[in-house]
Amino acid sequence: MTASQLLDNIILHENAYFYIKETSGFLSKRIIKETFAEAATDKHGRSLLEIVKEKKVLSNGIEIFYSILVFKYIKKPSFTEELIINWEEVKLAYMCLVDFEEHLVVARRNISKISDFLKTFEVLDYNVITSIYSQDNTSFEKLSMDNMNVSDRAIRQKSLESPDLKENVSSFGLQGYILNTVRVSNDEEKIALSINSSRINQLGPKNTFDGFLYWCNNTVGKIKNYVPKTNFLSSFATSIDYSKHKDDLTPTSILIILSKIYKEFEENKIKKCFFRIKKRNEILEREINLIPILKQFEYLLEIEETEDGYKIKNNVVNDLSLFLNNKSITLRSKKLSKLFIEYETDLCYPILSVINWTRSYIITFDNPEFIYCNRKLFKDSRLLGNLDSVLKIFKEHPELENVTSEKGKFRINSTDFETNSVFEFVENTFKANYEYFICDDLSKEWADHIGLNEDSIAFYHSKYKNSNFSASDFQDIIGQALKNLGNLSPSDDQWEIKENHWNNLYKNDSVETKISRVRTGQSSNQTISYFKTIKGYPNIKKQVHIVINFISKSALEDRLHKLKNGESFRERNEVIQILWFISSLISSCFEANTEVYIHCKP
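Attention in this report is confined to the structure presented alongside it. (Residues numbered from 1 in each chain as written. Predicted model: local features only at pLDDT ≥ 70, side-chain atom pairs only at ≥ 80, totals over all residues. Heavy atoms only, no water.)

Here we take up the overall build of the protein. Across its full length, the protein holds 17 helices and 33 strands. Counting only C-alpha atoms, the protein reaches 95 × 65 × 50 Å along its principal axes. Residues counted as buried form 50% of the 602 residues belonging to the protein. Contacts spanning at least 24 positions in sequence make up 67% of the contacts within the protein whose residues lie at least 6 apart. (Helix = DSSP H or I, 4+ residues; strand = E, 2+ residues; numbered from the N terminus. Buried < 20%, exposed > 50% of the residue type's maximum accessible area, 1.4 Å probe, protein only. Contact = heavy atoms within 4.5 Å.)

Okay, here's the thing in structure tokens:
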């Protein structure tokens, strides 16, 4: 068959990536051929079809150029260690470029190794891709989103689906999420949008190659004729121009999101992980278990500004740093550049390249209004603009000025926690408010104390530290609260463990005391029965109480207002992190329909 006949036989879904060119003009044949050569490095035999820069004038007079490459490649099955003769998997790959003067459309399947080529173009602006298919009668059927919450205990991703989400999803809190994918419905057409990758997929049957070109042209027309408008998706976080603010940014902390790599492990996409070491003139590979290494990076890491740049403090390597490029922020490390992930597709990449490509980190700055996520910079003025609202969750207690320990010392005849301990303060201050009050400390605790009455289920998390404005100490107690939010409504399989635990006397530092774990109430059995009953009440309040001695409300209020006014002070970076943790706590508790309070010094 001739190239023209082959082209007439090709049918494609209306599904492609849309890019904007930095400067107008059509791609040269040389660039297209180099890109095709890079994409087809693993091809088997000659290309099945290769057309480079073929001109086409559409019915509306617009001139475009299209290029298409189809080739065959051989792949080792994922269930064999080595390639066995006659066991090869033969696959086809294609890549189609539709070249407009100001835009480029890319359709591809089984194509990799073209990231350098795609980096020379810009993805569609968030406001554009979320608006071009939004009309007055548009139904928003499905959303997936990433959380900008910097707590390592926060829910990282959410997916929602209904006939029309704008009818049953509150816009409150959506500003803290970044949209990933959207599916909308307009009359009889449905369109799926991948926001970060600039992919548009009009659901439906496949089209002829000519029909695909006309769909590309119609879509580019929508992009060019974009008019700013407000819609349901405007409630989500929207990015600003990173390059305009780059020189004013000073990173202070980073949370590396590893969920995408863990998901690839779950889906058996990763074949192995190894260090590549050069020894004399030989390159050696030492296979390793990557999981324990990744676990060391699951927490919010502090960033220190040095003469050489921005160093990321961690316990694994001493040369991990952050680099502010002209268009993006990336991670660098000579040591981690030797750590590779090899996929079942036989592709192999340094782990830092994978993290940088997948935009798997959240970065905060010395200006708390800015946050960097998904290779985009976001500005949220609400964090400093709502300080009065934030401070309302803080409750002042002069007694916390006098505490000298978290739990005190223990003796075999102790029946109460030691005077001037945080635990003693909690029991003296709050125990009388509840029908049942339990000390759940230690042994997979849900909280240090749990309060139950007809109106509420309350978790109390306590911490004592000899510090002021310690972000790491605050992070610990916030993480404890967040990871136990779900236990405010326990599942049935958890009761037996708790009943046995609450039936015992309190034991700590190898001392078994006379302190009953059921501090108010009759027995663990009755406590469990009462808990089961009230958790089913439709109007029961769920509450989280943080009790700490190392933060003063008045001192924090003073530092936050200095932060808002742009003043410098010694604890600035610590206070910024504490503000982010408070915001994370409030956001997560709101989503869990839970009240939150922080009890501290005046």
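What follows covers the pairing of strand β28 (residues 456-463). When a strand is regular, its side chains alternate between the sheet's two faces. Burial of β28 is extensive: eight of the eight residues sit out of reach of the surface. Neither face of β28 is left uncovered, since the one carrying Ser456, Ala458, Tyr460 and Ser462 and the one carrying Ile457, Phe459, His461 and Lys463 both have all their residues buried. Where strand β27 (residues 449-452) meets β28, four bridges bridge the pair, whose relative direction is antiparallel. For histidine 449, the partnering residue across the bridge sits in β28 and is tyrosine 460. Between β27 and β28, which pair antiparallel and follow one another directly, the connecting turn spans three residues. (Pairing = 2+ DSSP bridges.)

A few words on the nonpolar core. As a rule of thumb, soluble globular proteins bury nonpolar side chains together. Counting 64 residues, the largest nonpolar core has Phe394, Ile450, Leu452, Phe474, Ile548, Leu556 and Leu585 as its most contacted members. Aside from chain neighbours lying at most four places away, what touches phenylalanine 474 is Ile548, Phe550, Ile551, Ile578, Phe581, Ile582 and Ile598. Counting residues in each nonpolar core, the second largest holds 46 residues, with Ile51, Met145, Tyr177 and Phe236 among its members. (Core = buried A, V, L, I, M, F, W, Y, C linked by side-chain atoms within 4.5 Å.)

Turning next to the pairing of strand β22 (residues 361-365). Along β22, five of the five residues are buried, which leaves the element largely enclosed by surrounding structure. Here β22 shows a buried face lined by Tyr361, Ile363 and Phe365 and a second buried face lined by Ile362 and Thr364. The pairing of strand β13 (residues 251-256) with β22 spans five bridges and is classified as antiparallel. The residue bridging isoleucine 256 from the neighbouring strand is tyrosine 361, located in β22.

In this structure, asparagine 149 sits in the loop between β7 (139-147) and β8 (157-161). Given the relative accessible area of 5%, asparagine 149 is considered buried. A polar side-chain atom of asparagine 149 sits 2.4 Å from a polar atom in the side chain of serine 584. For asparagine 149, the side chain forms a polar contact with the side chain of serine 588, separated by 3.3 Å. (Polar contact = N/O pair within 3.5 Å; in protein donor to acceptor, adjacent residues only side chain to side chain.)

All chains considered together, the criterion is met by 29 aromatic pairs. Each ring, one from phenylalanine 437 and one from tyrosine 460, has its centre 5.8 Å from the other, and the planes form 65°; the classification is edge-to-face. Of this pair, phenylalanine 437 sits in strand β26 (residues 436-439) while tyrosine 460 is found in strand β28, placing the two residues 23 residues apart along the sequence. By the burial criterion, phenylalanine 437 is buried, and tyrosine 460 matches it. Aromatic pair tryptophan 446 and tryptophan 502: ring centres 6.3 Å apart, planes at 85°, arrangement edge-to-face. Remark: tryptophan 502 occurs in helix α14 (residues 495-503) and tryptophan 446 occurs in the loop between β26 and β27; sequence separation between them is 56 residues. Across this residue pair, the class does not change: tryptophan 446 and tryptophan 502 are buried. (Phe/Tyr/Trp six-rings, centres within 6.5 Å; stacked < 30°, edge-to-face > 60°.)

What follows covers the environment of isoleucine 312. Turning to its location among the elements, isoleucine 312 is positioned in strand β17 (residues 309-312). Overall, isoleucine 312 belongs to the buried group, its relative accessible area being 1%. Filtering out sequence-adjacent residues up to four positions away, isoleucine 312 remains in contact with Ile254, Leu301, Glu302, Ile303, Leu320, Ser321, Leu322 and Leu331.

Let's shift gears to the sheet that holds β27. Taking strand neighbours across the sheet as the criterion, the seven strands line up as β25-β33-β32-β28-β27-β26-β31 in an open arrangement whose pairing is mixed. The open sheet has two free edges, formed respectively by β25 (394-396) and β31 (518-520), since each of these has just one partner strand. Direction aside, the axes of adjacent strands within the sheet are offset by 25° on average. Bridging between β26 and β27 involves four bridges; their strand directions are antiparallel. By the bridge assignment for β27, tyrosine 436 is matched with leucine 452. (Axes fitted to C-alpha atoms, helices over the stretch in contact; angles between N-to-C directions.)

Quick look at a nonpolar patch on the surface now. There is a patch of nonpolar side chains on the surface, built from Ile74, Leu83 and Val90 and spanning about 260 Å² of accessible area. Structurally, leucine 83 is set in the loop between β3 (63-75) and β4 (89-99). Residue classification places leucine 83 among the partly exposed residues on the basis of a relative accessible area of 49%. (Patch = residues over 30% accessible without salt bridge, like charges linked within 9 Å, V, L, I, M, F, W, Y side chains within 5 Å. Areas by Shrake-Rupley, 256 points an atom, 1.4 Å probe, with all protein chains shown as cover. Salt bridge = Lys/Arg side-chain N within 4 Å of Asp/Glu carboxyl O.)

Attention shifts here to the sheet that holds β13. Adjacent strands of a sheet form backbone hydrogen bonds with each other and so pair up, either parallel or antiparallel. Ordered by their spatial adjacency, nine strands build an open sheet running β12-β24-β23-β22-β13-β16-β17-β18-β19, and the pairing between neighbours is antiparallel. Either end of the sheet is taken by a strand with one partner, and the two such strands are β12 (239-240) and β19 (329-332). Lying on the sheet, helix α17 (residues 572-591) is in contact with β13, β16 (301-306), β22 and β23 (370-373); it crosses β13 at an angle near 40°.

To continue, consider helix α5 (residues 209-224). Over its 16 residues, α5 runs 23 Å from end to end, which matches the ideal 22 Å to within 8%, given 1.5 Å per residue. Within α5 the residues assigned to the buried category are Phe209, Gly211, Phe212, Leu213, Trp215, Cys216, Asn217, Thr219, Val220 and Ile223. (Expected span 1.5 Å × (residues − 1).)

Another point: the packing of α14 against helix α15 (residues 524-534). The interhelical angle for the contact between α14 and α15, taken along N-to-C directions, is 140°, at an axis separation of 9 Å. Judged by the inter-axis angle, α14 sits oblique to α15. Seen along the crossing, α14 lies across α15 with a hand that is right-handed. Contact residues: Trp495, Lys498, Glu499, Trp502 and Asn503 in α14; Ser524, Asn525, Thr527, Ile528, Phe531 and Lys532 in α15. (Parallel < 35°, antiparallel > 145°, perpendicular 65-115°, else oblique. Left-handed = near helix turned anticlockwise from the far one by under 90°.)

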